[in-house]
Amino acid sequence: MVIKGGEVIFNTVHLPGSWKLSTYVANGGYSALRKILADKISAETIIAEVKKSALRGRGGAGFPTGLKWSFMPRHFQGDKYLVCNSDEGEPGTFKDRDIMLLNPHALIEGMIIAAYTMGTQRGYNYIHGEIWECYERMEAAIEEAKAAGFLGDNILGTDFSFHLFNHHGYGAYICGEETALLESLEGKKGQPRFKPPFPASFGLYGKPTTINNTETFASIPYIIREGGQKFLELGKPNNGGTKIFSVSGHVNKPGNYEVPMGMPFAELLELAGGMRNGSTFKACIPGGSSTPVVPAELMMQCTMDYDSIAKAGSALGAGSVIIMDDTVCMVKALERLSYFYFEESCGQCTPCREGTGWLYRVVHRIEHGQGRPEDLDLLNDVAFNIGGRTICALGDAAAMPVQAMLKHYRHEFEHHIEHGKCMV
Amino acid sequence: MLSPDSLAQIDHEIAKYPADQRQSAVMSALRIAQVEKGWLATETMDFVADYLGMPTIAVYEVATFYNMYDTAPVGKYKITLCTNISCMLTGAPEMTEYLKRKLGCGFGETSEDGRFTLKEGECMGACGDSPVCMINNHRMEGFLTPEKVDRIIEELK
Ligand SMILES: Cc1cc2nc3c(=O)[nH]c(=O)nc-3n(C[C@H](O)[C@H](O)[C@H](O)COP(=O)(O)O)c2cc1C
Ligand code: SF4
Ligand code: FES
């Protein structure tokens, strides 16, 4: 797998032992924190800087980070929590894993700055179950940061204290949803909570909580060190900074590419080595399995930022670019994705629990030559009845890809139903 | 019921949470117990419940909700193969067939000699290395080919 260094997060990945505290510090690491503490920079100033950067949440929803931070009741007396969402389980996404493996201190410093800003003394990093190596790496990095006085009581001799801990998940996609993650941290089944109340008022253990994605936190030290304006200018208005794109599927060089937000898709595809063995590009899922599929011709006109991908009828999501060539049967691809959502639905809401089962079973029978002419309407109908009618967005995540597949590749589904087999 | 080493590890996890929130350590306690015992028998889960001061039902709920816990015996080596989209595009279907033939068992089954259990997994967050599998939850192997699978299995025997 290829890892392309960028300016903000993967700036040191080419160095041996890039994950070590010494490497991080030698390259400007923890200087943002030092500056904040030495100059007693106010929380308002930090939030203003983050707002100026136009950093948007990298976990999938793209919510402006500065705005989220301003929701936290900073002066609330009593426990408050900071949580990092490293439960990366969205099919096609593998960036947080490399951030934790290769630059864990960027995440830690980002969390310390966030904790300082929001007046939080305790934080948790919830790590996806399948990546044990990351958990071990993060445990070691936290120990290093503690020993150097960056974490713990009286950080760098000030009266600011922050304690950070890793929590290891054990295999449940739904725990990536922030309130399911909080339930899981509390030692329960990971079932999403009904919102409102939002985590900023009722979060971990019922206390005010801010939760951000790994890549979001890891962007913070750069923003404070270099200024929000500089981060913004790396990307484009409303889409600041660099973004790590995880490119997988039918490309010659799958991997993580940290590039400026707004890079033309065609350029990213070229960076990833182009189509595998020169095959023909058919379709792209641009932001992880929950985002609608985009046909090749349309995708080639996009730039890699929230606004452009939204215009193409999809979403940038977590920046997880899945490339498919013309050997891929869309019915089969959708069958696998529908199975995933059926398998991972937590079962709390009827439209999701039953609907994901229906979607899977109907696509499955089409794929296996038993489709009926009315099935396509049935699929659209089931998808429509899930969307917007559930506690969390997993329901929408299951429904949207179905609608997009039927919109763009209806003929493949019809062919399957009519002939009982594949077109491609 | 659990070894002193496992208990020390569990205590280390409990210390990460506020004193009145021992339950937060249940996921790691079950993981540690499973590593020691191979799988989670009811007595093991009951012990964890007692140790953390939780109702047993709450522990069973956790153990059955998350995919990586085994509440039934598994082989000495559990191989979980990701078959999700990126892995599917890069050879997971072929790896599935190869592993099934090689081990003589299907998904959710254990080989005749009791050494290997094969499981189907969801995305492991390592799609750039696809196709990917996990061995006993804690070791990941990517870029699988029949030759690589042969090597891994040979080494585990
Ligand atoms: C089904 C589902 C799965 C999600 N998975 C993840 C995930 O793996 N990682 C993540 O950071 N956010 C995930 N999210 C989004 C989180 O709920 C939340 O919006 C995010 O962690 C907020 O951080 P951000 O603002 O920094 O992006 C998921 C949401 C849903 C509905
Ligand atoms: S939408 Fe699905 S996953 Fe989300 S809470 Fe409802 S049942 Fe659970
Ligand atoms: S799809 Fe297999 S690791 Fe992500």
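Residues numbered from 1 in each chain as written. Chains lettered and ligands numbered in written order. Predicted model: local features only at pLDDT ≥ 70, side-chain atom pairs only at ≥ 80, totals over all residues. Heavy atoms only, no water.

### Examining the overall build of chain A
Here is step 1: When its secondary structure is counted, chain A shows 17 helices and twelve strands.
Here is step 2: Here the C-alpha radius of gyration of chain A, 22 Å, is about what a compact globule of 424 residues would show, namely 22 Å.
Here is step 3: By its C-alpha atoms, chain A is 75 × 45 × 35 Å across when sized along the principal axes.
Here is step 4: For chain A, buried positions account for 62% of its 424 residues.
Here is step 5: Within chain A, residue pairs in contact and separated by at least 24 positions form 70% of the contacts whose partners lie at least 6 positions apart.
Here is step 6: Carbon and sulfur atoms make up 53% of the accessible area of chain A, which totals about 14,900 Å².
Here is step 7: Each charge class in chain A was averaged separately, 40 positive and 47 negative side chains, and the resulting centres sit 3 Å apart. (Helix = DSSP H or I, 4+ residues; strand = E, 2+ residues; numbered from the N terminus. Rg over C-alpha atoms; globule rule 2.2 N^0.38 Å. Buried < 20%, exposed > 50% of the residue type's maximum accessible area, 1.4 Å probe, protein only. Contact = heavy atoms within 4.5 Å. Areas by Shrake-Rupley, 256 points an atom, 1.4 Å probe, with all protein chains shown as cover. Lys, Arg positive; Asp, Glu negative; His and termini not counted. Charge placed at Lys NZ, Arg CZ, Asp CG, Glu CD.)

### Describing the overall build of chain B
Here is step 1: Helix and strand counts for chain B stand at seven helices and five strands.
Here is step 2: Starting at the N terminus and walking to the C terminus, you meet the elements of chain B as α-α-α-α-β-α-α-β-β-β-β-α.
Here is step 3: Over its C-alpha atoms, taken along the principal directions, chain B stretches across nearly 50 × 35 × 25 Å.
Here is step 4: The contacts in chain B between residues at least 6 apart in sequence include a share of 57% that link residues at least 24 apart.
Here is step 5: Surface exposure of chain B reaches about 6,500 Å², of which carbon and sulfur atoms provide 51%.
Here is step 6: Treating the 15 positive side-chain charges of chain B as one cloud and the 23 negative ones as another, the clouds have centres 5 Å apart.

### Notes on the site of ligand 2
Here is step 1: Near ligand 2 you find 13 residues, and of these C346(A), Q348(A), C349(A), C352(A) and C392(A) are the closest.
Here is step 2: In the shell around ligand 2, the residues fall into eight nonpolar, five polar and no charged. (Near = heavy atom within 4 Å. Nonpolar A, V, L, I, M, F, W, Y, C, P; charged D, E, K, R; others polar.)

### Re the site of ligand 1
Residues and elements named next belong to chain A.
Here is step 1: Around ligand 1, 18 residues are found, and the nearest of them are G59, K68, N212, N213 and T216.
Here is step 2: Interatomic distance of 2.9 Å between a side-chain N/O atom of N85 and an oxygen atom of ligand 1.
Here is step 3: Between ligand 1 and N213, the relevant distance is 2.7 Å, taken from an oxygen atom to a side-chain nitrogen or oxygen of the residue.
Here is step 4: Protein chains bury 89% of the 620 Å² of accessible surface belonging to ligand 1 in isolation.
Here is step 5: For the shell around ligand 1, a count of residues per class yields four nonpolar, eight polar and six charged. (Polar contact = N/O pair within 3.5 Å; in protein donor to acceptor, adjacent residues only side chain to side chain.)

### Some details on a nonpolar patch on the surface
Residue and element names in this part refer to chain A.
Here is step 1: Side chains of F63, L67 and F71 sit close together on the surface and give an oily, nonpolar patch of about 270 Å² of accessible area.
Here is step 2: Its location among the elements puts F71 in the loop between α4 (65-70) and β2 (81-86).
Here is step 3: Assessed through its relative accessible area of 46%, F71 is described here as partly exposed. (Patch = residues over 30% accessible without salt bridge, like charges linked within 9 Å, V, L, I, M, F, W, Y side chains within 5 Å. Salt bridge = Lys/Arg side-chain N within 4 Å of Asp/Glu carboxyl O.)

### Considerations on the sheet that holds strand β1 (residues 77-82) of chain B
All names here are of chain B.
Here is step 1: Here five strands make up an open sheet; going across it, the order is β2-β3-β1-β4-β5 and the pairing mixed. What marks the edges here is a single partner per strand, and that holds for β2 (109-110) and β5 (139-141).
Here is step 2: Bridge count between strand β4 (residues 133-135) and β5: three bridges; the pairing is antiparallel. By the bridge assignment, C133 is partnered in β5 with E141.
Here is step 3: Sitting on the sheet, helix α6 (residues 92-103) is in contact with β1 and β3 (116-121), with an inclination near 155° to β1. (Pairing = 2+ DSSP bridges. Axes fitted to C-alpha atoms, helices over the stretch in contact; angles between N-to-C directions.)

### Brief notes about the pattern of salt bridges
Here is step 1: Under the definition given, this model contains 34 salt bridges over all chains.
Here is step 2: D375(A) is paired through a salt bridge with R365(A); the nearest N and O atoms lie 2.6 Å apart. One end of the pair, D375(A), is in helix α16 (residues 375-386); the other, R365(A), is in helix α15 (residues 350-367), and ten residues separate them in sequence. In terms of burial, D375(A) and R365(A) fall into one category: buried.
Here is step 3: K119(B) is the salt-bridge partner of D70(B), the closest N and O atoms lying 3.2 Å from each other. On the criterion of sequence distance, the pair formed by D70(B) in the loop between α4 (56-65) and β1 and K119(B) in strand β3 is long-range, its members being 49 residues apart.

### A short note on the interface of chain A and chain B
Here is step 1: Taken residue by residue, the interface counts 57 residues in chain A and 42 residues in chain B.
Here is step 2: Roughly 4,000 Å² of surface becomes buried between chain A and chain B when both sides are summed, with 58% attributable to carbon and sulfur atoms.
Here is step 3: For chain A, the biggest contributors to the area lost against chain B are E130(A), Y170(A) and R336(A); these three give 22% of the whole.
Here is step 4: The interface formed by chain A and chain B holds three salt bridges in total.
Here is step 5: For D129(B), the salt bridge is made with R97(A), and the minimal N-O distance between the two is 3.3 Å.
Here is step 6: Where chain A touches chain B, the interface holds 23 residue pairs in polar contact (both at pLDDT 80 or more).
Here is step 7: Elements with a contribution of two residues or more to the side of chain A that touches chain B: β3 (122-127), α7 (132-147), β4 (163-168), α8 (178-185), β6 (242-249), β12 (320-325) and α14 (330-344) of chain A.
Here is step 8: Class assignment for the residues of the side of chain A that touches chain B results in 26 nonpolar, 17 polar and 14 charged. (Buried area = accessible area lost by both parts, 1.4 Å probe.)

### Remarks on the pairing of strand β9 (residues 281-285) of chain A
Residue and element names in this part refer to chain A.
Here is step 1: Burial analysis of β9 places five of its five residues in the buried class, the great majority of the element.
Here is step 2: By the bridge criterion, four bridges tie β9 to β12 in an arrangement that is antiparallel. In the sheet register, A283 faces β12, and the bridge partner there is M324.
Here is step 3: As paired strands, β9 and strand β10 (residues 294-295) are joined by two bridges and run antiparallel to one another. Each residue of the ladder has a partner; that of A283, found in β10, is P295.

### A few points about the domain arrangement of chain B
Here is step 1: Here the domain parsing of chain B yields domain 1 (4-65) and domain 2 (77-156).
Here is step 2: Here the C-alpha centroids of domain 1 of chain B and domain 2 of chain B sit 28 Å apart. (Domains from an automatic or database assignment.)

### Focus on the packing of helix α2 (residues 26-37) of chain B against α4(B)
A pair of packed helices can be characterised by two numbers: the angle between their axes and the separation between those axes.
Residue and element names in this part refer to chain B.
Here is step 1: Packing of α2 against α4 leaves a shortest axis separation of 10 Å and a crossing angle of 70°. The angle between α2 and α4 falls in the class roughly perpendicular. Residue-level contacts link V26, M27 and L30 of α2 to V59, V62 and A63 of α4. (Parallel < 35°, antiparallel > 145°, perpendicular 65-115°, else oblique.)

### Brief notes about α7(A)
Here is step 1: Along its 16 residues, α7(A) runs 23 Å from first to last C-alpha, staying within 8% of the 22 Å computed at 1.5 Å per residue.
Here is step 2: Residues of α7(A) that are buried: W132(A), C134(A), Y135(A), M138(A), A141(A), I142(A) and A145(A).
Here is step 3: Buried residues along α7(A) sit against α5 (95-102), α6 (104-118), β3 and β4 of chain A together with α1 (4-14) and α2 of chain B.
Here is step 4: Positive backbone phi, at 85°, marks G149(A), one or two positions downstream of α7(A). (Expected span 1.5 Å × (residues − 1).)

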